[in-house]
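# Coordinates in review
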Amino acid sequence: MPTKQYQLKTTTVEAMTMPFTIQAVLVDHDETTAENLTKAISRTHAFLQQIDRDFSPFKANSLVTLYQHGGLKPTQFTEQFQEVYGLATLATELTNGAFSAHYNGHYDPTGLVKGWAIQRAFEKYLKPLLELDRIEAIALNGAGDIQMGVADGSDYQWHVGIEDPADPQQLLQEITIQTGAMATSGFSKRGQHIKLSTDTPSIVQATIIASELIEADIMATTAIAMGLTKFQEFTESVEVHGLLVDQNANQIAI
Amino acid sequence: MKKFIASVVSLIVVIALAIDGYFLFFKQKVTGSTSQADSASNTATSSSTTSSSSSSSNASGKYKDGTYTGKATATQWGDVQVQAVIKNGKLTTVNVLEYPNDNGHDKQINAQALPVYKSEAVKAQSSKISLVSGASETYKGFTGSLQNALTKAEV
């Protein structure tokens, strides 16, 4: 059987002041497929922007900001707000408090929202495209956190590179995966509400592979927050897979 | 006498089933209750009294003070349901109700099948990589990133 000719189509959109990369693998070109893809991409973009409006702690009128100041109206207690709140509570419990949605005494689910939004956008707008004959695979990469999938019975493999925290132009590992999620958290970058603990070697970068991005994202953040020793203890009772990089640039597969 | 024992036994069975049913369907754990109003300063509370009279008329009396329970959301760790406490037309406290996964009396972190994947050190020039997972998050930083370079190379 001859191998199929795949065509990769990449679109980048901006939301939450971050780049979101949507990749579609097409088997063939045709107008209907292109139209469907364009529509799904603009819906994904609109969804991510709506999530930003509602959940950004930096926006004065977001639901999160209003809630922080005790000014959320009952009508603004949306299903999404409820879902994120519930997930944040679960995540805190599951990680023995290492993952926290409270910062300086305020509710701030920022650490959860991106992964959640990517997973939900993927499930809602992109995954249905896999039903189309000419779309073989689809992925949504939100600044390094990825939810990806292939059509039923497809042999397409996503090849994902893990960035080197010491030099983001270099890659450490190549992961091949069909359907699943991958999240990477690090120390060097934005939004670090995490304090380095000195009694345990630190993890500089944590990449976690899971079925769903919500879980991968929570675990990647947890790894950074816990540090190496505690996180390795934690993973004895919890199934977590991925690649950790410690402060001495050692790569630790878990 | 035999009949008596039989009916006692069946009575015990019925009671056991009822208890089991109670634990299965009705027992909920209330956790994660936080009160924003408590942590917010008193000034916020006093200023909200004035605005709340107008906001409660906006809401056309639909939301009276009390507790409102939202829809349950299914997660991989069990269902969660969030409950809001409304005071003076404002949402003050959120409670989280949890329904642990079916058989366990406690929830487990991983009930999910792990995706099948393969991992290897990157070869010198792996042209197959199309996605990059990393911790860089700003849009500015992205222009110089590997993901962007790969995207550009493709066109």
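Below you will find a few notes about this structure. These numbers were taken from a predicted model, which means no experiment stands behind them. (Residues numbered from 1 in each chain as written. Chains lettered and ligands numbered in written order. Predicted model: local features only at pLDDT ≥ 70, side-chain atom pairs only at ≥ 80, totals over all residues. Heavy atoms only, no water.)

### A closer look at the overall build of chain A
Test applied: Helix numbering and strand numbering both begin at the N terminus, where a helix is a DSSP run of H or I of at least 4 residues and a strand a DSSP run of E of at least 2. Exposure classes here rest on a 1.4 Å probe applied to the protein chains alone. A residue is buried below 20% of its type maximum, exposed above 50%, and partly exposed in between. Between two residues, a contact is recorded if the distance between any of their heavy atoms is within 4.5 Å.
Helix and strand counts for chain A stand at six helices and twelve strands. Going through the 254 residues of chain A one by one, you find that 57% of them count as buried. For chain A, the share of sequence-separated contacts (at least 6 apart) that also reach a separation of at least 24 residues comes to 56%.

### A closer look at the sheet that holds strand β7 (residues 131-133) of chain B
We count it as follows: We call two strands paired when DSSP finds no fewer than two bridges between them. Here, axes are lines fitted to C-alpha atoms. For helices the fit covers the stretch in contact, and angles between N-to-C directions go from 0 to 180 degrees.
Strand order in the open sheet made by the four strands is β6(B)-β8(A)-β7(A)-β7(B), with mixed pairing throughout. Each edge of the open sheet carries a strand with a single partner, namely β6 (117-121) and β7 of chain B. Going across the sheet, the axis of each strand differs from the next one's by a mean of 35 degrees, ignoring polarity. Across five bridges, the pairing between strand β8 (residues 167-177) of chain A and β6 of chain B is antiparallel. By the bridge assignment for β6 of chain B, Glu174 of chain A is matched with Glu120 of chain B.

### What to know about the pattern of salt bridges
Residue and element names in this part refer to chain A. Note the threshold: Salt bridges are defined by distance alone: a side-chain nitrogen of Lys or Arg within 4 Å of a carboxyl oxygen of Asp or Glu.
Here the structure, examined in full by the defined rule, presents eight salt bridges over all chains. Notably, a salt bridge pairs Lys59 with Asp52, separated by 3.3 Å at the nearest N-O pair. Via salt bridges that share partners, Asp28, Asp30 and Arg134 belong to a single interconnected network.

### Structural notes on helix α4 (residues 110-126) of chain A
Residue and element names in this part refer to chain A. The line we're drawing: In this analysis, the expected span of each helix is defined as 1.5 Å times one less than the number of residues it contains.
Here α4 is 17 residues long and its end C-alpha atoms lie 23 Å apart, about the 24 Å a rise of 1.5 Å per residue gives. Judged by how many residues are buried, α4 sits mostly within the fold: twelve of 17 residues are covered. Regarding α4, the residues found buried are Leu112, Val113, Lys114, Gly115, Trp116, Ala117, Ile118, Gln119, Arg120, Ala121, Phe122 and Leu126. Looking at the packing, one finds that the buried side of α4 touches β2 (18-26), α1 (31-55), α3 (79-94), β5 (135-142), β6 (145-150) and α5 (213-226).

### Topic: the environment of Lys118 of chain B
Structurally, Lys118 of chain B can be placed in strand β6. Not counting residues up to four positions away in its chain, the partners in contact with Lys118 of chain B are Glu174, Ile175 and Thr176 of chain A.

### Thoughts on the nonpolar core
Worth spelling out the cut-off: For the purposes of this section, nonpolar cores are sets of buried Ala, Val, Leu, Ile, Met, Phe, Trp, Tyr and Cys residues that join through side-chain atoms within 4.5 Å.
Phe20, Phe81, Tyr107, Ile138 and Phe231 of chain A are the most contacted members of the largest nonpolar core, which has 77 residues in total. In terms of residue count, α5 of chain A provides more of this core than any other element does, nine residues in total. One finds Val25, Ala139 and Ile146 of chain A together with Leu131 of chain B within the second-largest nonpolar core, a separate group that totals 18 residues.

### Some details on the pairing of strand β1 (residues 7-15) of chain A
All names here are of chain A. Bridge count between β1 and β2: nine bridges; the pairing is antiparallel. Bridge assignment links Thr11 to a residue of β2, and that residue is Ile22. In sequence, β1 turns back onto β2 through a hairpin of two residues, with Met16 there showing a positive phi of about 55 degrees.

### So, the interface of chain B and chain A
Interface size is commonly expressed as the accessible surface area that is lost when the partners come together. Our working rule: Reported buried area values correspond to the accessible surface (1.4 Å probe) lost by two parts on association, with both partners' losses combined. By the criterion applied in these results, polar contacts are pairs of N or O atoms within 3.5 Å in which, for protein atoms, one can donate a hydrogen and the other can accept it, and in which residues neighboring in sequence qualify only through two side-chain atoms. When residues are sorted by character, Ala, Val, Leu, Ile, Met, Phe, Trp, Tyr, Cys and Pro go into the nonpolar class, Asp, Glu, Lys and Arg into the charged class, and all the rest, Gly among them, into the polar class.
Contact with chain B, which involves 60 residues of that partner, is made by 83 residues of chain A. Across the chain B to chain A interface the summed buried area is about 6,200 Å²; carbon plus sulfur atoms make up 59%. Across the chain B-chain A interface, the total number found is one salt bridge. One salt bridge in this structure joins Lys71 of chain B and Glu79 of chain A, with 3.5 Å as the shortest N-O distance. Inspection of the region where chain B meets chain A yields 13 residue pairs in polar contact (both at pLDDT 80 or more). For the side of chain B that touches chain A, the class distribution of residues is 24 nonpolar, 25 polar and eleven charged.

### Digging into unusual backbone geometry
Most peptide bonds take the trans form, and the phi angle of most residues other than glycine is negative. Residues and elements named next belong to chain A. Unusually for a residue other than glycine, Thr17 sits at a positive phi of about 55 degrees. With respect to the element layout, Thr17 can be found in the loop between β1 and β2. Classification of Thr17 as partly exposed rests on a relative accessible area of 48%. Even without being glycine, Ala249 reaches a positive phi, approximately 70 degrees. Its location among the elements puts Ala249 in the loop between β11 (241-246) and β12 (251-253).

### Quick word on the sheet that holds β6 of chain A
Strand pairs in the sheet, formed through backbone hydrogen bonds, run parallel or antiparallel to each other. Residue and element names in this part refer to chain A. Taken together, eight strands build an open sheet; the order of strands is β1-β2-β5-β6-β9-β10-β11-β12 and the sheet is antiparallel. The two strands at the open ends of the sheet, each matched to only one other strand, are β1 and β12. Looking at each pair of strands side by side, their axes are set apart by 15 degrees on average, direction ignored. Of the pairings in the sheet, the one linking β2 to β5 comprises seven bridges and is antiparallel in character. For Phe20, the partnering residue across the bridge sits in β5 and is Gly142. Sheet strands touched by α1: β1, β2 and β5. Its angle to β1, the strand with the most contacts, is close to 25 degrees.

### Details of the pairing of β11 of chain A
All names here are of chain A. Across the six residues of β11, six count as buried, placing the element largely inside the fold. With burial as the criterion, each face of β11 is covered, one bearing His241, Leu243 and Val245 and the other bearing Gly242, Leu244 and Asp246. The pairing of strand β10 (residues 203-210) with β11 spans six bridges and is antiparallel. For Thr207, the partnering residue across the bridge sits in β11 and is Leu243. As defined by bridge partners, β11 adjoins β12 across three bridges and the pair is classed as antiparallel. What sits directly across from Val245, in β12, is Gln251. Hairpin remark: β11 followed by β12, antiparallel, with four residues in the connecting loop; positive phi at Ala249, about 70 degrees.

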